[in-house]
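# Residue-level structural notes
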Amino acid sequence: MSITTLSATAPLTDLVFGASLLFPPLFKAVLLGFFFWLLIHPLLRGWMYSGDIWHPTLMDLSLFVLCVTGALWLLSLG
């Protein structure tokens, strides 16, 4: 029984290489967006949870999505 090493053309190598290209930009955008959300959320918390505009949880989620979208935009610029 012989153990063979993975060659450069193996499907697993293609999968790992493809994942390294596609997943990190989105992961970076979520982390950067979460950091932006952590900075913006305390500033807007009183206004969001007053209930004047929308449901607070939906507004919080919308703010997070906007932060992630902004972070992805910033990452795509530079």
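Note that the structure is predicted; figures quoted are calculated from it, not measured. (Residues numbered from 1 in each chain as written. Predicted model: local features only at pLDDT ≥ 70, side-chain atom pairs only at ≥ 80, totals over all residues. Heavy atoms only, no water.)

### Brief notes about the UniProt feature "transmembrane region" (unreviewed entry) in the protein chain
Here, the residues flagged by UniProt with the feature "transmembrane region" (unreviewed entry) are residues 15-40 and 61-77. End C-alpha atoms of residues 61-77 are separated by 25 Å, and the span's content is 100% helix alongside 0% strand. (UniProt positions renumbered as here; feature names shortened; annotations may be inferred. Helix = DSSP H or I, 4+ residues; strand = E, 2+ residues; numbered from the N terminus.)

### A closer look at the nonpolar core
Ranked by size, the top nonpolar core spans five residues in total: Trp37, Met48, Met59, Leu63 and Cys67. Of all the elements in the fold, those that place two or more residues in this core are helix 1 (11-48) and helix 2 (56-77). Take this core: its biggest share by element is three residues, from helix 2. In this structure Trp37 touches Pro42, Asp60, Leu63, Phe64 and Cys67, once residues within four positions along its chain are discounted. (Core = buried A, V, L, I, M, F, W, Y, C linked by side-chain atoms within 4.5 Å. Buried < 20%, exposed > 50% of the residue type's maximum accessible area, 1.4 Å probe, protein only. Contact = heavy atoms within 4.5 Å.)

### Concerning the packing of aromatic side chains
Taken as a whole and judged by the stated rule, the model has two aromatic pairs. Judged by centre distance (5.8 Å) and plane angle (20°), the rings of Phe34 and Trp37 are stacked. Note that Phe34 and Trp37 are positioned in helix 1 at a spacing of three residues, about one turn of the helix. With 6.4 Å between their ring centres and 85° between their planes, Trp37 and Phe64 make a pair best called edge-to-face. Highlighted residues: Trp37 in helix 1 and Phe64 in helix 2, separated in sequence by 27 residues. Note on Trp37: relative accessible area 16%, which makes it buried. A residue is classified by how much of its surface remains accessible, and Phe64, at 24% relative accessible area, is partly exposed. (Phe/Tyr/Trp six-rings, centres within 6.5 Å; stacked < 30°, edge-to-face > 60°.)

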